[in-house]
Amino acid sequence: MLKNGTYAAWFRTSLADGTGTVHVADGRLWGSDAIMRYDGTYEVDGERFSVVLTATRHSEGHQTVFGTDDLVVRLEGLASGTIATATGGADAVPDLAFEVTLIPSQDVTPEPPPDLPMPKFDPGKLPKLPKRSSR
């Protein structure tokens, strides 16, 4: 089952591949990568799911994996275990197959636990620059 949460998205076509972040919650999904923004809906039937999303460019940069901007993308997928995979395509380029893998993001503690002491800064442990020769 496709669960609510944040996923790392790995996607590809025969033209290119890329990565992004996708958020999934209660039938809606949204996310982005370095140049595109995604927004859409999904339906779940057991382990199977279907997605319809729009992808629009938010920044200048390289070509998209479809070779064009501002797309409607349709996907059919399977969520087995923690990983979800889907295939489909964009309406604007129907002969170009699209594959995506969604991997749930893991919560990472950004700071050390409060019971551990912070290491003391010792400038004597910094690397030494070579001495300049005077001419």
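Look up: the structure comes first, before these words.
About the criteria used
Throughout, residues of each chain are indexed from 1 in the direction in which the sequence is written. Given that this is a predicted model, residues contribute local features only at a pLDDT of at least 70 and side-chain atom pairs are listed and counted only at 80 or more, while totals for whole chains, interfaces and linings are drawn from all residues. The side-chain quantities take in all heavy atoms of the structure and omit both hydrogens and water. Each helix is a run of DSSP H or I of at least 4 residues and each strand a run of E of at least 2, with the numbering of both proceeding from the N terminus. With a 1.4 Å probe rolled over the protein chains alone, any residue whose accessible area is under 20% of its type maximum counts as buried; one over 50% counts as exposed, and the rest are partly exposed. Here a residue-residue contact requires only that any non-hydrogen atoms of the pair lie within 4.5 Å. Polar contact is the term for a pair of N or O atoms within 3.5 Å; when the atoms are in protein, one must be able to donate a hydrogen and the other to accept it, and sequence-neighboring residues count only if both atoms are side-chain atoms. Here, a strand pair is defined by DSSP locating no fewer than two bridges between the strands. Inter-axis angles, ranging from 0 to 180 degrees, are taken between N-to-C directions of lines fitted to C-alpha atoms, where helices are fitted over the stretch in contact. Only rings of Phe, Tyr and Trp enter the pairing, Trp through its six-membered ring, and a pair is recorded when the two centres are within 6.5 Å. The plane angle decides the type: under 30 degrees is stacked, over 60 is edge-to-face, the rest tilted.

Visitor: Would you explain the environment of Gly27 in this entry?
Guide: Relative to the helices and strands, Gly27 is located in the loop between β2 (17-25) and β3 (28-32). Judged by relative accessible area, which is 23%, Gly27 ranks as partly exposed. Note: C-alpha distance between Gly27 and Asp91 (64 residues apart in sequence) is 21 Å. Those residues within four positions of Gly27 in sequence are excluded, and the remaining contacts are Gly40, Thr41 and Tyr42.

Visitor: Explanation requested: the environment of Ser59 in the structure shown.
Guide: For Ser59, the position within the fold is in the loop between β5 (48-57) and β6 (71-80). Here Ser59 falls in the partly exposed class, since its relative accessible area comes to 27%. Here the alpha-carbon distance between Ser59 and Met36, two residues 23 residues apart in the chain, equals 7.1 Å. Beyond its immediate stretch of four places on either side in the chain, Ser59 contacts Ala34 and Ile35. Side chain to side chain, Ser59 and His58 meet in a polar contact 2.8 Å long.

Visitor: What's the story with the pairing of strand β7 (residues 83-90) in this structure? I'm lost.
Guide: Consecutive side chains of a regular strand alternate in pointing toward one face of the sheet and then the other. Where β6 and β7 come together, eight bridges link them in antiparallel fashion. Note on β7: the bridge partner recorded for Ser80 is Ile83. Linkage of β6 to β7, two consecutive antiparallel strands, is achieved through a turn of two residues, within which Gly81 is found at a positive phi near 70 degrees. In terms of strand pairing, β7 meets strand β8 (residues 93-104) through six bridges, oriented antiparallel. Looking at β8, one finds that Ala86 is bridged to Val100. Between the antiparallel neighbours β7 and β8 lie two residues.

Visitor: What's the story with the sheet that holds strand β4 (residues 36-45) in this structure? I'm lost.
Guide: Within a sheet, neighbouring strands are paired by backbone hydrogen bonds and run either parallel or antiparallel to one another. The strand order around the closed barrel built from eight strands is β1-β2-β3-β4-β5-β6-β7-β8, with neighbouring strands paired in antiparallel fashion. If you compare each strand with its neighbour and ignore which way they point, the axes differ by 30 degrees on average.

Visitor: Would you mind going over the side chain of Thr13 with me for this structure?
Guide: Inspection of the secondary structure assignment puts Thr13 in the loop between β1 (5-12) and β2. In terms of polar contacts, Thr13 uses its side chain to reach the backbone amide nitrogen of Leu15, at 3.1 Å.

Visitor: Explanation requested: the packing of aromatic side chains in the structure shown.
Guide: The geometry of an aromatic ring pair is captured by the separation of the ring centres together with the interplanar angle, meaning the angle of the planes. Using the criterion set out here, one finds three aromatic pairs in the structure. Where Phe11 meets Phe98, the ring centres are 6.1 Å apart and the plane angle is 40 degrees; that geometry is what we call tilted. Taken together, the residues Phe11 in strand β1 and Phe98 in strand β8 connect sequence positions 87 residues apart. Residue Phe11 is classed as buried on the basis of its relative accessible area of 10%.

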